[in-house]
Structure formats: structure tokens, C-alpha cells
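Architecture at a glance
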Amino acid sequence: MNIFKWWWGILLAFLLLGVVRVILPLPFVIEVIIFSIYTMGCNFLLGRVGFISFGQPAYLAVGAYGTAFYLYYFGTNPYIGILLGLLAGVVVSVIVGPFFVRLRSDYFALVNLALAVIVYYLMEKILADITHGDNGLWFLTRMSSTPVLDLGKPSDFFIFAFLVAMALWAFYKYLDDSIYGACCLATKINEDKLKFLGYSNFNIRWLAFIIANTTTALAGALYAVYFGFVSPEITSPARCADPVVVTILGGVGTLYGPIVGAIAYTGMKDLISGFIVNWELFIGLLLVFIMLAGEKGIWGTLEPILGKTLFLKRILPSLQDRGDKSR
Amino acid sequence: MMDTQLLISGVIFGLSIGSIYFLLAIGLSLCFGLMRIISLDQLLYYSIGAFVSYTIYVATGNTWIGVFGGMAAAGIVSFGVERFVYLRIYERDIAFTMIASFGILIAGVGAIKYIWGLVPRPAPIPIETQATILGTEIPVYRLMVIGISFLVYVGIWLFLNRTITGKAIRAGIEDVEHVEGLGINVYKLFTITFIIAGTLSGLAGGLHAPLIMVDPHMGLHVLAFVFMVVIIGGLGSIKGTLASAFIVGQVTSLGSLIYAPLAQMAPFAIMLLILLIKPTGLYGSKLLKR
């Protein structure tokens, strides 16, 4: 019964995005999909493990540069490039994880910010011979066309990114239902009790850190292939809070939150920047208002209303109410 | 290996940079210690201080009036923000106040862009004269910045140790609930602390403006460095903030003498190292844990 319910959710989402594909322009939809993958990692860290991270762009850059190095210097197959970007994300988060997850939540946020700045200067200045500094790496023409889904073509790329996003969504859904997901929530709410039950808080957090940042690296790899271009700009310190903002906007710890947040944020940015140059003012004020209004975000507020009106009795499990205080 | 003149000017440069970071970080540190908020919007008061003092300079031609004007403007804005935003969210989780403060910072940057435009502007140095120390020419202005921030440190120390309000603030850093139990209005303390923090950030902005260009993103540029100072010193500790501001200033300036790109990277490496050894920072107290 449970399985039937969550396939239902996936089908619904598929249908919705299919409709969206017809209505809205393609670049916007692709941007939303990649951004929601980017946000999923942050959402998992913030909503499940209670870690707030201002350094997600660092892992985004790791994934993007992993892909870009392969496509610029070695091979031509974009699929292998994406795989390598993913692998780079795994390696980096395995290495830095043990140092970072020992820290308190507020220190964790700031240390991640520091990592993002380090990666930025590393890519812009110190490794400038390899990364070409601010000019970035261009490899759009180097990518070979592949048989089934040609990633060079935006329409095929849309299908690929869409499939990836759905797979990830199902994966996070699976994690939520598993014992591991329960353990993650438990480290957020009461780590002493979990330790008492015989689990290692450190290992749980480390694994969560790896999962979340690999997701982020995957988003970076997708960005690299989609634009065919990578520059240090993607890890610029000014954009460090984007994923956190979108996570909170969509609703922390909800499954649909990242997608809703990404649509709202990208849409707003497009819309507002069309009229006025300084969209920061509006995004900032919006953020303050959301924080003043409550902590649930768009999806967290909509979910109970939707559940009532559509008579879907709790198909969409809401977990954000569990655990009032993060670490 | 390094020639003395270069070394002396490097040390002075590091001290002046460290002084600016110290003025900014002390506000953040006090806010965290007393109210348990991470107030990213201090960087906004820094930009406001810089822009207002620049504008007043252009109008009157006197930089010192400009610096005082910048301080006053930063204090007033911080008072308004505290009243309208923070009073409603003090009770919330630290992550949420952090995001709200980031929202204020971004909105403020947008407002500054709207008022003053995107173009960076050069602010003039008030004192052009050079002093000679051990045969090295040192700009007097940098020495004055160091002196002012030292005076601020002494002033803050006297305020926290010799006045009733300051003692209440220190007690609040240890345990807010007990202070409230003694019949002291803690929200008044919060407001006072926040205004002090905002004013000091404004002072930092006004003093820093002649050394760099005034541009809307200046707050975001120093953000990472200021946070590093606070983290290395330990959130909530004034002595630690002073020590780490000194370390970060020296590492930035001497690092750049050895190898230029190191200037931005080296402090972060130091921070990672210190946090690995002592996850609460140099002087971070155990009481503040969780």
C-alpha cells in the first residue's frame, strides 16, 4: 500500500512537469530542475540532520570542475563527465566530512562558507593555469553526441535532467522511510538519546554529509554539461546563501519543498530582474517576511490546505513538525 | 630573508586591517554572546557607515564629521532593524535568525545600490602625511586607525567591567534567564548591545572607506574574513576576538608578502587548523556549547 502511494506521488510530479514543459520556456524549466537538485542536498542537510550550510557552492564547483576537467582535457563523452563530477563530489566530501561534521551547527555553516571562499580563490587564482581563471573553461563544442539521449541538445538534456531529478527524489523518499532516515532525524532532535541506543552520531552525520554534497556535486556536473562552460563565478561568495534561501522558501524538510522553492525563486528572479535591476532588495525583504511569518515555507504552508481540499489523506508525509529546535 | 622596511610596513598594514576586522567582529561577538543570534547584517551597517561618511565628506569636505555621521546613521538603522525584525525572532532557533539577518543584509545591499548606484567610489584619505619608524615610511592614517580601535577596545572593556549596564550584559552572556530573574529588562539590554554593535560596525566602515573603494558589495567582500575572526576567537569572547583579529590581519598581510594569492587563502587555512585542534575557537567557552 505504501509503495502504491509513493509511486502515485512520482506520477503526479511527472505529469506536472510534463505540463510545465509545454507551457514554459525550456531554459527556465531546465534551470528549475537543476536548481531543485542543487537544493535537495541542502534540504536534506538542513531538514533531516539539522546542519545549515552556507558553503554548498563549494561542492557545486567541485562537481562542475570535475566534469569540466574531463571534458576539456581528456574525453568527449558527457555521460562519463557527469559520472566523474559525481565521483569528485564523493571524494571531496569523504575527505572533508570527518573534520566538518564534528562542529556545532553554527560553526558548520561558517566553516563551509570558508571552504567556498577557498575553492573560489583556488579556481580563480592558484590553479589559474589549469582552470583559466575568470575566463573559465569552454567545452560546448568538444562534447560528442551520444546515441539515445544527446546531452548537447537542450530538449534531450531536459529529459535526462528530469529523469535524474526524479531518481533523486525517489532516493530521498526511500531514505526518509528507512531506518537511516529516522536516525538522521534523531541526531537532529536528541543526539544523546541516539548515542544511548548504540548508534554512532558521527557516522550518521558523515554519511548524510556525503549524500547531500554528492547531490550538490551532481547538480554542478549538470550545470557544466548544460552550459558547456564553467567559471569560478559559480562558487562566488555572494551566492553562498542561495540554496539555503530556496530551501527555507520551499519549506525545510519537505520532499516537494526544493522543487516548489526552486520554481518560486527562479521565477521571481526572472520576473523581478525583468523590471528592476536590483532584485536583491526584493529577495532580501521577502526572506525577512518569510522568517517573520513562520518557518514552514511555501510548501509547508500549502501542504495541509492541499491535503484537505483534494481529500488525499496524508500521501505527502510532512516531517517538518518533528523536532522543534535544530542542533 | 625579507628586508626590514617591507616587514615593518607589512606588520603595520596587517595591524590596521586587523583593527577594522576587530571593530566589525566585536559587534558580532557581543550579539552572539548575549542574544544568541548570528547577526550577518552587521556587514550592512558597515556599508552604511562607509557610504554615509563618504556622502558627508563630499558635502562638507571634512572626513571626521563624515565618520561620526556614518556611525550615527549605522546606529539609527540598527536600532530600527532591531525594533522591527529582531524583537520578533529572538526566541527562534539560531539558524532562522541567521537567515533573517542574511535577508536584511541582501535587502540593504539592494537599497544601497538603489540610492548610491553601482559604481565604486574612491574616498579620500584624511591625513596624507607619512611618519617614519625605523627608517620606514608609514601612512599616519593607518596608525590612527590602529589607535582608534585600541581606544574602542579599552572603552568596551571599561563599559563591560565598570558600569552596571555592562555588568548586566556580561552576566547575560553567562546566563540570560538568571539576569531576567533578578528583575532586569533583558530586552533593553539586547537593544543596547545591538546598537553598540551596529555603531561599531559603522565606525569600521567609515574608517575603512579611505583605505579601499566604497562599493555596494563591500560588506560581502569582508564577510568571510570577519566571520573567520569571530570563529577563530570563539563566538562570544572579546579577548578572543582581539587575538584572532591580530592573527588574521598579520597572516593576511605577511602572507601576501611571501606569495600574493596566499593573502586570501592563508587565513582560511589557519582557521581550519585552529578549528580542528579546538572546535570552539581560541577562547570559546564551554558554557556556550549548544
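These numbers were taken from a predicted model, which means no experiment stands behind them.

1. Describing the overall build of chain A
For chain A, the count of helices and strands is 14 helices and two strands. For chain A, the proportion of its 327 residues judged to be buried stands at 47%. Within chain A, counting contacts between residues at least 6 apart in sequence, those at least 24 apart form 79% of the total.

2. What to know about the overall build of chain B
Along the backbone of chain B there are eleven helices and four strands. A compact globule built from 290 residues would reach a C-alpha radius of gyration of about 19 Å, and chain B, at 19 Å, matches this within 12%. With the C-alpha coordinates of chain B rotated into their principal frame, the extents come out at 60 × 45 × 35 Å. Across the 290 residues that make up chain B, the buried fraction comes to 53%. In chain B, once contacts between residues fewer than 6 apart in sequence are set aside, the share between residues at least 24 apart is 76%.

3. Examining the interface of chain A and chain B
Each partner contributes to the interface: chain A provides 35 residues, whereas chain B provides 36 residues. Only helix H5 (105-126), helix H11 (242-250) and helix H13 (280-293) of chain A provide two or more residues apiece to the side of chain A that touches chain B. Among the elements that take part in the side of chain A that touches chain B, H5 of chain A stands out by supplying 13 residues, more than any other. Split into classes, the residues belonging to the side of chain A that touches chain B amount to 25 nonpolar, four polar and six charged.

4. Topic: H11 of chain A
Note: α-helices contain 3.6 residues per turn, so residues at a spacing of three or four share the same orientation. Residue and element names in this part refer to chain A. Judged by how many residues are buried, H11 sits mostly within the fold: nine of nine residues are covered. Three or more residues of H11 are buried, namely Asp242, Pro243, Val244, Val245, Val246, Thr247, Ile248, Leu249 and Gly250. Just downstream of H11 lies Gly251, where phi reads positive at about 125°.

5. Focus: the nonpolar core
In this structure, Ile34, Ala114 and Leu222 of chain A together with Tyr21, Val226 and Met228 of chain B are the most contacted members of the largest nonpolar core, which totals 194 residues. The dominant element in this core, judged by the number of residues it contributes, is helix H1 (residues 4-35) of chain B, at 17 residues. Look past the residues within four positions of Leu222 of chain A in its chain and what remains in contact with it is Ile34, Ile37, Ile82 and Ala161 of chain A.

6. A word on the confidence of the model for chain A
Residue and element names in this part refer to chain A. In this model, chain A carries a mean pLDDT of 78, and residues with pLDDT of at least 70 account for 85%. Element-level mean pLDDT values for chain A span from 67 in helix H14 (residues 297-309) up to 89 in helix H10 (residues 201-227). Counted against residues more than four places away or in other chains, residues 313-327, with its pLDDT under 50, gives 34 contacts.

7. Regarding the confidence of the model for chain B
All names here are of chain B. Summary statistics for chain B give a mean pLDDT of 82 and a share of 95% for residues scoring 70 or more. Here strand E2 (residues 130-133) is the element of chain B with the lowest mean pLDDT, 70, and helix H8 (residues 186-208) is the one with the highest, 89. Scored as a whole, the predicted complex attains pTM 0.77, and scored at its interfaces, ipTM 0.71.

8. Let's talk about the packing of helix H3 (residues 63-89) of chain B against helix H4 (residues 94-116) of chain B
All names here are of chain B. One way to put it is that H3 packs onto H4 with a least axis distance of 10 Å and a crossing angle of 160°. What the angle tells us is that H3 and H4 run roughly antiparallel. For the pair H3 and H4, the crossing hand works out as right-handed. Contact with H3, carried on its side by Val81, Val85 and Ile89, involves Phe96, Thr97, Ala100 and Ile104 of H4 and no other residues of that element. Across the contact of H3 with H4, the residue classes tally to six nonpolar, one polar and no charged.

9. Side note on the environment of Ser9 of chain B
One can find Ser9 of chain B in helix H1. In contact with Ser9 of chain B, other than residues within four places in its own chain, are Thr136 and Ile138 of chain B.

10. Brief notes about H8 of chain B
The end-to-end C-alpha distance of H8 of chain B is 33 Å, a good match for the 33 Å that 23 residues give at a rise of 1.5 Å each. Taking burial as the measure, the 23 residues of H8 of chain B include 17 buried ones, the bulk of the element.

11. A few points about the packing of H1 of chain B against helix H10 (residues 238-258) of chain B
Residue and element names in this part refer to chain B. The N-to-C vectors of H1 and H10 enclose an angle of 145°; their axes lie 7 Å apart at closest approach. Crossing of H1 against H10: the hand is right-handed. Residue classes in the contact of H1 with H10 are distributed as 16 nonpolar, nine polar and no charged.

12. Re the environment of Lys195 of chain A
By secondary structure assignment, the location of Lys195 of chain A is in helix H9 (residues 191-196). Separated by 137 residues in sequence, Lys195 of chain A and Ala58 of chain A place their C-alpha atoms 31 Å apart.

13. A closer look at the environment of Val260 of chain A
Residues and elements named next belong to chain A. Locating Val260 in the fold gives a position in helix H12 (residues 257-275). Val260 gets classed as buried once you count the C-beta atoms within 10 Å, which come to 22. Along the primary structure Val260 and Glu124 are separated by 136 residues, whereas in three dimensions their C-alpha atoms are 33 Å apart.

Conventions adopted
Residues numbered from 1 in each chain as written. Chains lettered and ligands numbered in written order. Predicted model: local features only at pLDDT ≥ 70, side-chain atom pairs only at ≥ 80, totals over all residues. Helix = DSSP H or I, 4+ residues; strand = E, 2+ residues; numbered from the N terminus. Buried ≥ 20, exposed ≤ 12 C-beta atoms within 10 Å, placed from the backbone. Contact = placed C-beta atoms within 7 Å. Rg over C-alpha atoms; globule rule 2.2 N^0.38 Å. Nonpolar A, V, L, I, M, F, W, Y, C, P; charged D, E, K, R; others polar. Core = buried A, V, L, I, M, F, W, Y, C linked by C-beta atoms within 7 Å. pLDDT = per-residue confidence, 0-100. Axes fitted to C-alpha atoms, helices over the stretch in contact; angles between N-to-C directions. Parallel < 35°, antiparallel > 145°, perpendicular 65-115°, else oblique. Left-handed = near helix turned anticlockwise from the far one by under 90°. Expected span 1.5 Å × (residues − 1).

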